[in-house]
Each structure stands twice: as structure tokens, then as C-alpha cells.
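# Examination of the molecular architecture
One-letter residues, chain by chain:
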Amino acid sequence: MKKNSKMILAAVGTAVMAAGMLAGCGSSSKETTAAQTTTAAQTTTAADSKAADTTEAKKEEKTEAAADLSGTISMVGSTSMEKFANALSETFMEKYPKVTVTAEFVGSGAGVEAAANGTADIGNASRNLKDEEKAKGIAENIVAIDGIAVVVDPSNTVEDLTKDQLAGIYDGTVTNWKDVGGNDAPIVVVGRESGSGTRTAFEELLELEDKCKYANELDSTGAVMAKVASTPGAVGYVSLDVLDDTVKAVKLEGAEPTEENIKAGTYFLSRPFVMATKGEISEQNDLVKALFDFIYSEEGAELVKSVGLISVEK
């Protein structure tokens, strides 16, 4: 009996020692893991701190650069880009108080020519540049996409036109609204003056260069809107961003003139807004480069959208 008791005590003792050893190993493992976690956390914190310092330093550099920017930027060109150009000028000058941005609206062709001959920093064109313009060293910097809306007077019953019907109206083949599903009334064809970016884009998209039969050729988007709104039977084309309830925008091939339809490719009348420069953006002065940096930033994209245009990525 005593012998069995000794054996039991010995077994218990061995078990206790084993448990102690396991506890010791567990403690050691936990201490190692804790040490590793602490080291990793310290490393992460240090990295985050360094990144934060770098970001802050960059912000300070930008702030200093902004404070140093001063001078004048001149833009000349498209009347269709007036709303966008004015909004851009005002916002940029608020951001950089020592900078003055001037904008003159005399048509796309004149704007590109001004950039080419150096009388303006930027030539605004509401169309793609022509090969002969690019040959002069002019860079085509697309800053937004604009849709061209076909508008009629509010009393017009026509809701939709096909591409062929629209082309027929403008080349003089179709002269009465009854021929395209409307009332029996003569069509008064309104358009822009020669040299207008909107007119160039419109005629190119319909393959009607030098074929249109205009009753009225007007020198601004606002004039077209006013003429169509006040003339029964009138039809005209304007930038998407200037639409209001004084006129009615018709669908084309069943698609309304909206950003979603333009992006989807279902609305065929759209064109780029170009801010042309003599040489690439990288070759421009610091003021002009800063302006383009702003346009292609998130803040710039929001500005583009705020005036009814479609933003682009650089």
C-alpha cells in the first residue's frame, strides 16, 4: 500500500512539473508575440507619422507656391465656352488672389489663331482642332465634353428626329414640320455664323459642311436661343449647358441630350471643349500650367460638372 502511494505521489509530481514547464513555454511564447506586436505597431506608427509629415510638407509647398503665383492669364475664343470660361476664371482667381484671368469670346477660329500668334495664352475652341491648326504647333487640350442640343420653340409638337431628318432640315430638303411628324408649318432654320465652333462641330457631325441652308446666322449661343424661343417653327442648335425652359430640346434617334446618353454613345451630337496652347502644357509658363493642373484636379472636375459639362481625365 505504501509502495502504491509513493508511485501515485511520484506521478502527480511529474504531472505538476510538466504543467509548470508548459505554462513557462506558453508565457514565453506570449511574451515574444507581445514584443513582436509592439515592435510592429511602433514601426507602423513611425511610418504613418513620416507619411503624414510628407503630406503636410507637400501641402505647405503647394500653399507657398500658390502665394507666389501672380500675373495674368488671357483666354480668347468660343462663345459656347463662355459659361465654363467665366466660372473657371472666377474660381481660379479666388484660389489664387494675385492672379487675373481674362476671357474674350470671339469664336473658336479666332481663339485658336490668337494662341498661334501669341496674342493670347489660351485659345478656347468648342471643336476639335483642324490639321492645319495643329501644323502651327497648337496643342489640343480637351478639358470637357459638351453636347449639342437641337432646340425648337416650345409650341412645336415634334418630339424626336432621326439623323437623316435633321440633316434634311438643315440642307433644305425638308422645309415643313408636317414632313417629320409635326404640324403643317414652315421650318425656320437658325444657326451660328461662319467660324463658330458650334456650327463647325454640328455640320461635321451631320456631314453637312458648307451645305446648310440658314434663314438666320447668328453670332452667339444666346442669340440662337432667343431667336428660336420667339419664332414659331424655328429650329436651332446650342450647347447642352445653356438649355432652359424658353425652348424645347428634341430627342435625336430616341435619345435625350443628357450626359448619360452622351457617355453611352446613344446621343450623337457631342463635341469637345478645347483650351488650345502654343506647344504642350508642359512648355507653358507657371500660371498656365497651374490653371491646367486645377482643371484636371478633382476640384476642377466638379467645376466642369457644375456648368453642365462632362469632365475628362488627363
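The structure we're discussing is the one just above.
Residues numbered from 1 in each chain as written. Predicted model: local features only at pLDDT ≥ 70, side-chain atom pairs only at ≥ 80, totals over all residues. Heavy atoms only, no water.

## Observations concerning the overall build of the protein
The cut-off we apply is this: Strands here mean DSSP runs of E at least two residues long; helices mean DSSP runs of H or I at least four residues long; both are numbered from the N terminus. The contact definition used throughout considers only heavy atoms, calling two residues in contact when any of these lie within 4.5 Å. Where accessible areas are quoted, they stem from the Shrake-Rupley method and a 1.4 Å probe; at the residue level, only the protein chains shown are allowed to cover.
A tally of helices and strands in the protein yields ten helices and 13 strands. A separation of at least 24 residues holds for 73% of the contacts in the protein among residues at least 6 apart in sequence. Accessible surface for the protein amounts to roughly 16500 Å². Of this, 52% is attributable to carbon and sulfur atoms.

## What about the environment of Gly181?
Mapping Gly181 onto the fold places it in the loop between helix H5 (163-170) and strand E7 (188-192). Sequence separation between Gly181 and Asp160 is 21 residues; the distance between their C-alpha atoms is 8.9 Å.

## Concerning the nonpolar core
Put simply, the rule is: Buried Ala, Val, Leu, Ile, Met, Phe, Trp, Tyr and Cys residues form a nonpolar core when they are joined through side-chain atoms within 4.5 Å. Exposure categories follow from relative accessible area, calculated using a 1.4 Å probe and restricted to protein chains: below 20% of the type maximum is buried, above 50% is exposed, and the middle band is partly exposed.
In terms of nonpolar packing, the biggest core is built from 41 residues, with Leu166, Ile169, Tyr170 and Phe202 touching the most fellow members. Of all the secondary-structure elements, those providing two or more residues to this core are strand E5 (142-152), H5, E7, helix H6 (197-205), helix H7 (221-230) and strand E9 (234-239). At five residues, E5 tops the list of elements feeding residues into this core. For Leu166, the contacting residues outside a window of four places in its chain are Val150, Leu161, Phe202, Leu206, Leu252, Phe268 and Leu269.

## Topic: unusual backbone geometry
Phi is positive for Glu207, close to 55°, though the residue is something other than glycine. Within the fold, Glu207 resides in the loop between H6 and strand E8 (216-218). With relative accessibility at 60%, the residue Glu207 sits in the exposed group. Although it is not a glycine, Glu253 adopts a positive phi angle of roughly 55°. Topologically, Glu253 is positioned in the loop between strand E11 (251-252) and helix H8 (259-264). Look at Glu253 and you get partly exposed, because its relative accessible area is 47%.

## Focus on the pairing of strand E2 (residues 99-105)
Formally: For two strands to be treated as a pair, DSSP must find at least two bridges joining them. For the handedness criterion, the strands are oriented away from the viewer, and a crossover whose path from the first strand over the helix to the second runs clockwise is classed as right-handed.
In this sheet, E2 lies alongside strand E1 (residues 71-77) in parallel orientation, the contact comprising seven bridges. Of the residues in E2, the one forming a bridge with Gly71 is Val99. Each parallel crossover has a hand, and the one from E1 via helix H2 (residues 82-95) to E2 is right-handed.

## With respect to the packing of aromatic side chains
For clarity, the threshold we go by: Centres within 6.5 Å make a pair out of two Phe, Tyr or Trp rings, where for Trp the six-membered ring is used; the pair is then stacked when the planes are under 30 degrees apart, edge-to-face when over 60, and tilted otherwise. Here, a charge over a ring is recorded when the distance from Lys NZ or Arg CZ to the ring centre is within 6 Å and its angle to the ring normal is within 35 degrees.
According to the stated counting rule, one finds eight aromatic pairs in the structure shown. With centroids separated by 4.8 Å and ring planes inclined at 65°, the aromatic side chains of Tyr170 and Phe202 adopt a geometry described as edge-to-face. Highlighted residues: Tyr170 in helix H5 and Phe202 in helix H6, separated in sequence by 32 residues. The pair Tyr170 / Phe202 is uniform in exposure class, with both members buried. An angle of 70° between the planes, with centres 6.0 Å apart, marks the rings of Tyr170 and Tyr214 as edge-to-face. With a gap of 44 residues between them, Tyr170 in helix H5 and Tyr214 in the loop between H6 and E8 connect regions that are remote in the sequence. Residue classification places Tyr170 among the buried residues on the basis of a relative accessible area of 0%. What links up through ring pairs into an aromatic cluster is the set Tyr170, Phe202, Tyr214 and Tyr237. Its end group placed over the ring of Phe268, Lys163 keeps NZ or CZ at 5.3 Å from the ring centre.

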